[in-house]
Amino acid sequence: MSFKSFNLSDLMIKSLARQGYLSPSSIQTRVIPKALKGGNIVAQSETGSGKTHAFIIPIIENLQLDSDRLQALIITPTRELAQQIYAFLEAFKGDYPKLHARLFTAGKETERTFRQGMRVPHVIIGTPTRIKTMLEAKSLIDLGSVKTLVLDEADMLMEMGYFADIDIIYRLLKAPPQMMVFSATIEFNLRKNLEKYVGADFVIEMDDVKTAKTVGHHAIDVKHGDRLHAIEIFIKTLNPYLLIIFASRKEQVATISSYLKSAGHDNIMLHGDMSARERKSAYKLIGANKHRLIVASDLAARGLDIKDVSEVLNFDLPKDLTYYFHRAGRTGRFGASGQCYSFYNSDTVTQLEKLIESGVSFSFHELRDDTIISTDKIARRKTRKQKVDPDLERQIKLAAAKVKTDVVKPGYKKKVRDAVAKVKRKHKREIIRKDIRRQRVARYRKEGSKNE
């Protein structure tokens, strides 16, 4: 299938071809025809599937470019995602010179600059609070022509508490817009939040997988060894072209980055405590291929398009396992192949088992003698033996012996259970009495020492 099958304009087909887009992705095939007709869409799709163009293409096709009026709003949870979408939109300006878009994020636009004769854009892209602040100044922008409202990474918008701002933005619009919502996951709470915008009978475009089919999944049992050293062995063994190492905490990110630098591996960090300027500089260096090792917290796992990532390595598995799919989705984007590796051991194998239950097919490896070798088995979970009180165990055996008879009669097992339960209750009461006596003795001794 080609883009021509969507009945797009010749100019759009030409612009897409110039940018290297010849065939639509799965999500584009399912979304674009409905979006062109103005229908509401809630789409769940694997990360790296091309969803940005799924809403950008119909927005541009439906714009009245000769009108200097705002016609579409695109809301994202982070400034980095907003900047990424803005870059995708700007790539069309070579063929659509009249197309005008503005980026509204903290530090980018102010009411003052808007008042100084700034041209009203056809499309605004930005973060919820910033867009809300600008739109609430009603004298600045006429909202009567807004036809489309896009919520990108809607699950993240909800997690970050942005739906209060989105509610205000929605109410500011003169007429209900076409809603296009995109999310990696669509849980019950998000569904309820979306119903007020698109109704209870909206269609959800579902994909069967949470990451691209071109991504391979691998689990490496590092046992209880030094994981920092394990990273060094991993890099030496696989020699990745562009690797993102994910860690759950920013302190771990700093530790990993520092260790790798001391071992002679140049790298760059991405985490939530970086300033906007630092993050922008980091993305610029990454885009210029200045670093082939990126150490990141889950900030970079959501929606950011870092090109040509060949491997992802999870230093640890995230507590919220949905982030596993966000991390894995940084590789294998747009049909390319990629590999996702995860460190684990017998203490964390439960998380791995949950991922397997959700449909992830892993190949298994283990770290042995500074070498990563393939194995056909998963590390066994450690079971802790409960300490048995020998006195209690003796009493249980005596109680069971008292009800034992030469001939097994009906209700025998129940009698044994009742006898054992009675012994355990008595034993527990005795432990409590002893504990109370110890506390009393300790209190009397303390009071006696004070009186002396």
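Each value, and the rule that gives it
Residues numbered from 1 in each chain as written. Predicted model: local features only at pLDDT ≥ 70, side-chain atom pairs only at ≥ 80, totals over all residues. Heavy atoms only, no water. Helix = DSSP H or I, 4+ residues; strand = E, 2+ residues; numbered from the N terminus. Buried < 20%, exposed > 50% of the residue type's maximum accessible area, 1.4 Å probe, protein only. Contact = heavy atoms within 4.5 Å. Areas by Shrake-Rupley, 256 points an atom, 1.4 Å probe, with all protein chains shown as cover. 1 Å grid on protein atoms, 1.4 Å probe; cavity = no way out; pocket = protein on both sides within 12 Å on 5 of 7 lines; lining within 4 Å. Points joined across faces, edges and corners; volume = space filled by probe spheres on them. Nonpolar A, V, L, I, M, F, W, Y, C, P; charged D, E, K, R; others polar. Phe/Tyr/Trp six-rings, centres within 6.5 Å; stacked < 30°, edge-to-face > 60°. Core = buried A, V, L, I, M, F, W, Y, C linked by side-chain atoms within 4.5 Å. Axes fitted to C-alpha atoms, helices over the stretch in contact; angles between N-to-C directions. Parallel < 35°, antiparallel > 145°, perpendicular 65-115°, else oblique. Left-handed = near helix turned anticlockwise from the far one by under 90°. Pairing = 2+ DSSP bridges. Arc of directions from axis to C-beta. Expected span 1.5 Å × (residues − 1). Salt bridge = Lys/Arg side-chain N within 4 Å of Asp/Glu carboxyl O.

Asker: Sorry, what's going on with the overall build of the protein here?
Answerer: Counting its regular elements, the protein contains 16 helices and 15 strands. Within the protein, buried positions represent 49% of all 452 residues. Long-range contacts, defined as pairs at least 24 residues apart, comprise 75% of the intrachain contacts of the protein with a sequence gap of at least 6. Surface accessibility of the protein: about 24300 Å² in total, with carbon and sulfur atoms responsible for 50%.

Asker: Explain empty space enclosed by the protein to me, please; I cannot follow it from the model alone.
Answerer: Over the atoms, a rolled probe matching the size of one water molecule traces out where space is still vacant. The tally for this structure, following the rule as stated, stands at 1 cavity of 30 Å³ or more. What the largest cavity holds in volume is close to 40 Å³. Residue composition of the lining of the largest cavity, by class: 3 nonpolar, 3 polar and 1 charged.

Asker: Is there a simple way to think about the packing of aromatic side chains in this case?
Answerer: Centre distance and the angle of the planes are the two values used to describe a pair of aromatic rings. By the definition in use, this model includes 7 aromatic pairs. Aromatic pair Phe 163 and Tyr 197: ring centres 6.3 Å apart, planes at 20°, arrangement stacked. Taken as a pair, Phe 163 in helix 8 (residues 163-172) and Tyr 197 in helix 9 (residues 188-198) lie far apart in primary sequence, 34 residues in all. In this structure Phe 163 comes out as buried when scored by relative accessible area, which is 6%.

Asker: How do you make sense of the nonpolar core when you look at a structure like this?
Answerer: Buried together is how nonpolar side chains tend to be arranged in soluble globular proteins. Phe 55, Ile 59, Phe 92, Val 123 and Ile 125 are the most contacted members of the largest nonpolar core, which has 36 residues in total. Tallying contributions element by element places helix 3 (residues 51-62) first for this core, with 6 residues. Counting residues in each nonpolar core, the second largest holds 32 residues, with Ile 75, Leu 149, Val 181 and Leu 190 among its members.

Asker: Hey, could you run me through the packing of helix 3 against helix 4 (residues 79-90) in this one?
Answerer: Axes are the key here: two packed helices are described by the angle between their axes and the distance separating the axes. Relative orientation of the contacting elements helix 3 and helix 4 amounts to 50°, with a least axis distance of 11 Å. The angle between helix 3 and helix 4 falls in the class oblique. Between helix 3 and helix 4 lies a crossing of right-handed hand. Contacts between helix 3 and helix 4 involve Thr 52, His 53, Phe 55, Ile 56 and Ile 60 on the former and, on the latter, Ile 85, Phe 88 and Leu 89. Grouping the amino acids of the contact of helix 3 with helix 4 by side-chain chemistry returns 6 nonpolar, 2 polar and no charged.

Asker: Hey, could you run me through the sheet that holds strand 8 (residues 215-221) in this one?
Answerer: Reading across the sheet, the 8 strands line up as 10-11-9-12-13-8-14-15 and stay open at both edges, with mixed pairing between neighbours. Two strands in the sheet have a free side with no partner beyond their single neighbour: strand 10 (268-270) and strand 15 (371-375). Strand-to-strand twist of the sheet, defined as the mean angle between neighbouring strand axes without regard to direction, takes the value 25°. Both strand 14 (residues 362-368) and strand 15 contribute to a ladder of 5 bridges, which runs antiparallel. For Arg 368, the partnering residue across the bridge sits in strand 15 and is Thr 371.

Asker: Quick question: what am I supposed to make of helix 9 here?
Answerer: Along an α-helix, residues three or four apart share an orientation, since each turn contains 3.6 residues. Regarding helix 9, the residues found buried are Leu 190, Asn 193, Leu 194, Tyr 197 and Val 198. For helix 9, the buried positions fall inside an angular range of 120° around the axis, keeping them on one side. Those residues of helix 9 that are buried are in contact with strand 1 (41-44), strand 5 (148-152), helix 7 (154-159), helix 8 and strand 6 (178-183).

Asker: Would you explain the packing of helix 6 (residues 128-136) against helix 8 in this entry?
Answerer: Following both chains from N to C, one finds helix 6 and helix 8 inclined at 35°, their axes separated by 9 Å at the closest point. Handedness of the crossing formed by helix 6 with helix 8: left-handed. In this structure, helix 6 contributes Pro 128, Thr 129, Ile 131, Lys 132, Leu 135 and Glu 136 to the contact, and helix 8 contributes Asp 165, Ile 166, Ile 168, Ile 169 and Leu 172. Among the residues forming the contact of helix 6 with helix 8, the class breakdown is 7 nonpolar, 1 polar and 3 charged.

Asker: What is the right way to look at the environment of Ser 26 in this model?
Answerer: In this structure, Ser 26 sits in helix 2 (residues 26-36). A C-alpha to C-alpha distance of 8.4 Å links Ser 26 and Gly 50, two positions 24 residues apart in sequence.

Asker: I'm lost on the environment of Ile 166 in this one. Help?
Answerer: Mapped onto the fold, Ile 166 is located in helix 8. As a C-alpha pair, Ile 166 and Ile 75 span 91 residues in sequence and 8.5 Å in three-dimensional space. Residues contacting Ile 166, with those up to four places away along its chain left out, are Pro 128, Leu 151, Leu 157 and Tyr 197.

Asker: Explanation requested: the pairing of strand 9 (residues 243-246) in the structure shown.
Answerer: A regular strand carries its side chains on alternate faces of the sheet. Because side chains alternate across strand 9, one face comprises the buried residues Leu 243 and Ile 245, and the other comprises Ile 244 and Phe 246, equally buried. Sheet topology places strand 9 next to strand 11 (residues 293-296); 4 bridges connect them, and they run parallel. Across the sheet, Phe 246 pairs through a bridge with Ala 296, a residue of strand 11.

Asker: Mind showing me how you'd approach helix 12 (residues 276-287) here?
Answerer: Look at helix 12: 16 Å from first C-alpha to last across 12 residues, which is about the 16 Å you get at 1.5 Å a residue. Among the residues making up helix 12, those that are buried are Arg 279, Ala 282, Tyr 283 and Ile 286. Projected down its long axis, helix 12 shows its buried positions confined to an angular sector of 95°, all on one face. Residues of helix 12 that are exposed and point more than 90 degrees away from the buried face comprise Arg 277, Lys 280 and Lys 284. Looking at the packing, one finds that the buried side of helix 12 touches helix 4, strand 10 and strand 11.

Asker: Honestly, unusual backbone geometry in this entry has me stumped. Any pointers?
Answerer: Apart from glycine, the bulk of residues carry a negative phi angle, and the bulk of peptide bonds sit in the trans form. Notably, Glu 153 is not glycine yet its phi reads approximately 55°, a positive angle. Summarising the element assignment, Glu 153 is placed in the loop between strand 5 and helix 7. With a relative accessible area of 4%, Glu 153 lands in the buried category.

Asker: What is the right way to read the pattern of salt bridges from this model?
Answerer: When their charged atoms lie close together, side chains carrying opposite charge are able to pair. Scanning all chains against the criterion turns up 15 salt bridges. With its nearest N and O atoms 4.0 Å apart, the salt bridge here joins Arg 249 to Glu 251. A residue is classified by how much of its surface remains accessible, and Glu 251, at 44% relative accessible area, is partly exposed. Note that Asp 316 is salt-bridged to Arg 327, the shortest N-O span being 3.9 Å. Here Arg 327 lies in helix 13 (residues 322-328) and Asp 316 lies in the loop between strand 12 (311-314) and helix 13, a separation of 11 residues in the sequence.

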